[in-house]
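What follows is each chain in one-letter form.
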Amino acid sequence: MSRLVVADPSHIKSIYRESYALWGAGLTRRDYLGLWNEISSTAWARENARFYVWLGPGGEVLSSLKAYRPKLQLLGECGRAIVLGAIFTPRARRRRGHAAAAVRAALDVGREDGSNVALLFSDIGTRYYDTFGFREIPAEEQWGPLSAGTDDTPAGWTLRDMRDEDLSTVIAMHDAFCAARPFAVLRDPAHWEFVRTRAFGFFRRLGSAQVRQRWRVAECDGRVVGYLITVEGRGEWNVREVGALGGDFEGMADVLRVAAVEAARSGLRRFYAWLPRELVAHLSGWRIRSSSRRGAVPMIAALDGMAEFPALQVPGAAYIPYQDQF
Ligand SMILES: CC(C)(COP(=O)(O)OP(=O)(O)OC[C@H]1O[C@@H](n2cnc3c(N)ncnc32)[C@H](O)[C@@H]1OP(=O)(O)O)[C@@H](O)C(=O)NCCC(=O)NCCS
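Residues numbered from 1 in each chain as written. Predicted model: local features only at pLDDT ≥ 70, side-chain atom pairs only at ≥ 80, totals over all residues.

## Thoughts on the overall build of the protein chain
No. 1: Summing up its helical and strand segments, the protein chain has 9 helices and 16 strands in all.
No. 2: Since a compact globule built from 326 residues should have a radius of gyration of about 20 Å, the 20 Å found for the protein chain is in line with a globular shape.
No. 3: When the backbone C-alpha atoms are referred to their principal axes, the protein chain occupies close to 65 × 45 × 35 Å.
No. 4: A total of 326 residues make up the protein chain; the buried ones form 33% of that total. (Helix = DSSP H or I, 4+ residues; strand = E, 2+ residues; numbered from the N terminus. Rg over C-alpha atoms; globule rule 2.2 N^0.38 Å. Buried ≥ 20, exposed ≤ 12 C-beta atoms within 10 Å, placed from the backbone.)

Spelled out as structure tokens, the structure:
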């Protein structure tokens, strides 16, 4: 009988040998595997991340996926989610229902584990995952030109690289922001360490001269008032997360204004982001275009009999920072 089991290193190696072509993201094959080994050894991942394989009766790998178990705040309730990622069936075994069986088994694990909902980010459209009860969370992404000529930047604000001692302030800003959202992945310090290990582990291995990641804080009068995570290169300023004191949208807009001027002066010409709609509304003067997200489309499924999630079905209502897209 087929079964879902936690992958051992030889299973992971065999899956990665094939999935590298799809998800290697510019890393060498060795670094691609090394990154997973580094991420999965963090305290948060040891507790909350699993690489599963769906094994056939003879122990052969029929399909595979990763499952994460973050804390989630959904419509005023706190709980756990199971987040499925990297769903992969070896090419020779596709179209025989193996991924479907693995997904269903993983959802059962989530249910038994007390997760209220399941999440995933689909790269293959939404129809396949509809069949397991997942519903699209309509998401809007924004892009536009960057201009160094804006004069609405807040006076006295400066940016510098984030340091370890900033982390407690950054976490408080992020928590304050999450508290007011209909949907948020909540990160305790161990989860932040996981997120930082993954992000820095990836860019350290990539070692690209063309693309760099920046974790920065904004200061005013010597006090940290905001933070910003970006990826910059090839002319693009990619905003991955922004925060401000009290989770305040005007403060977040100020962080973006200061940083955008700096980014434009450094030669970047356009921005790309997925930002909360309320924040976009504060960026008057920016030429922002929006469209529905096509890649990594967020989807949610209720595991405990909850009905649909009407509050999340409003276009633009949901926002999931890049670091929570697993
Ligand atoms: C997607 C994938 C995991 C499906 O594995 P599988 O074991 O063949 O899955 P199942 O047999 O349960 O279902 C097959 C169905 O998946 C859906 N599917 C597979 N690839 C798809 C794609 N690129 N776009 C849309 N639907 C797709 C189709 O509905 C397909 O049925 P069909 O071929 O009759 O149209 C496998 O194709 C794969 O590993 N692809 C590469 C990795 C990937 O894209 N993973 C998904 C990330 S969100």
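Picking up after the structure, the text goes on.
## Here's the deal with the sheet that holds strand S14 (residues 270–273)
No. 1: Taking strand neighbours across the sheet as the criterion, the 7 strands line up as S9-S11-S12-S13-S14-S8-S15 in an open arrangement whose pairing is mixed. In this open sheet, the two edge strands, each paired with only one partner strand, are strand S9 (157–161) and strand S15 (289–292). For this sheet, the mean angle separating the axes of adjacent strands, direction not counted, is 30°.
No. 2: Pairing geometry for S9 and strand S11 (residues 211–220), over 5 bridges, is antiparallel. Of the residues in S11, the one forming a bridge with arginine 160 is valine 217.
No. 3: Along the sheet face, helix H8 (residues 249–265) touches S9, S11, strand S12 (223–233), strand S13 (236–244) and S14 and points at about 150° away from the line of S13. (Pairing = 2+ DSSP bridges. Axes fitted to C-alpha atoms, helices over the stretch in contact; angles between N-to-C directions. Contact = placed C-beta atoms within 7 Å.)

## Quick look at the nonpolar core
No. 1: One finds Leu84, Ala106 and Ala118 to be the most contacted residues of the largest nonpolar core, which totals 81 residues.
No. 2: Here this core gets 9 residues from one element, more than from any other, and that element is H8.
No. 3: Viewed by domain, this core spans two of them, domain 1 (3–139 + 294–324) and domain 2 (141–292), each represented by three or more residues.
No. 4: Other than its neighbours up to four places away in sequence, leucine 84 contacts Leu65, Ala67, Val103, Ala106, Ala118 and Leu120. (Core = buried A, V, L, I, M, F, W, Y, C linked by C-beta atoms within 7 Å. Domains from an automatic or database assignment.)

## Digging into the environment of tryptophan 143
No. 1: With respect to the element layout, tryptophan 143 can be found in strand S8 (residues 140–145).
No. 2: Since 17 C-beta atoms lie within 10 Å of it, tryptophan 143 is described here as partly exposed.
No. 3: Tryptophan 143 sits 148 residues away from serine 291 along the chain, and the two C-alpha atoms are 8.8 Å apart.
No. 4: Residues in contact with tryptophan 143, not counting those within four places in the same chain, are Arg270, Phe271, Tyr272 and Arg289.

## Comments concerning the site of the ligand
No. 1: With respect to spatial proximity, 17 residues lie near the ligand, and among them Thr89, Arg94, Ala99, Ala100 and Ile124 are the closest.
No. 2: Residue contributions to the shell around the ligand peak at 3 residues, all from helix H4 (residues 98–112).
No. 3: Partitioning the shell around the ligand into residue classes produces 7 nonpolar, 6 polar and 4 charged. (Near = placed C-beta within 6 Å. Nonpolar A, V, L, I, M, F, W, Y, C, P; charged D, E, K, R; others polar.)

## Description of H8
Every α-helical turn comprises 3.6 residues, leaving residues that sit three or four positions apart pointing alike.
No. 1: In a regular helix each residue adds 1.5 Å, so 17 residues correspond to 24 Å; H8 covers 24 Å between its end C-alpha atoms and thus fits that length.
No. 2: Among all positions of H8, only Phe249, Gly251, Met252, Ala253, Asp254, Val255, Leu256, Arg257, Val258, Ala259, Ala260 and Ala263 are buried.
No. 3: The inward-facing, buried residues of H8 contact S9, S11, S12, S13, S14 and helix H9 (277–282).
No. 4: Directly after H8, the chain includes glycine 267, whose backbone phi takes a positive value near 105°. (Expected span 1.5 Å × (residues − 1).)

## Description of the domain arrangement of the protein chain
No. 1: Looking at the protein chain, the domain boundaries give domain 1 (3–139 + 294–324) and domain 2 (141–292).
No. 2: At the interface, 30 residues of domain 1 touch 27 residues of domain 2.
No. 3: Considering every element that reaches the side of domain 1 that touches domain 2, the biggest residue donor is helix H2 (residues 29–40), with 5 residues.
No. 4: A per-class count over the side of domain 1 that touches domain 2 returns 19 nonpolar, 6 polar and 5 charged.

## A few points about helix H1 (residues 9–23)
No. 1: Taking 1.5 Å per residue as the helical rise, H1 with its 15 residues ought to reach 21 Å, whereas the 18 Å between its terminal C-alpha atoms falls clearly short.
No. 2: At arginine 17, H1 shows its largest bend, some 45°.
No. 3: Backbone geometry just after H1 places alanine 25 at a positive phi near 50°. (Bend = angle between axes of the 7 residues up to and from the residue.)

## Structural notes on the pairing of strand S2 (residues 49–55)
No. 1: Of all 7 residues that make up S2, 7 are buried, and the element is covered over most of its length.
No. 2: In S2, alternate side chains face the same way, and those of Ala49, Phe51, Val53 and Leu55 on one face and Arg50, Tyr52 and Trp54 on the other are all buried.
No. 3: Alignment of strand S1 (residues 3–6) against S2, held across 4 bridges, turns out to be antiparallel. Each bridged residue has a counterpart across the sheet, and for valine 5 the counterpart in S2 is valine 53.
No. 4: Sheet topology note: the S2/strand S3 (residues 61–68) ladder contains 7 bridges and is antiparallel. Bridged to leucine 55 within S3 is valine 61.
No. 5: In sequence, S2 turns back onto S3 through a hairpin of 5 residues, with glycine 59 there showing a positive phi of about 85°.

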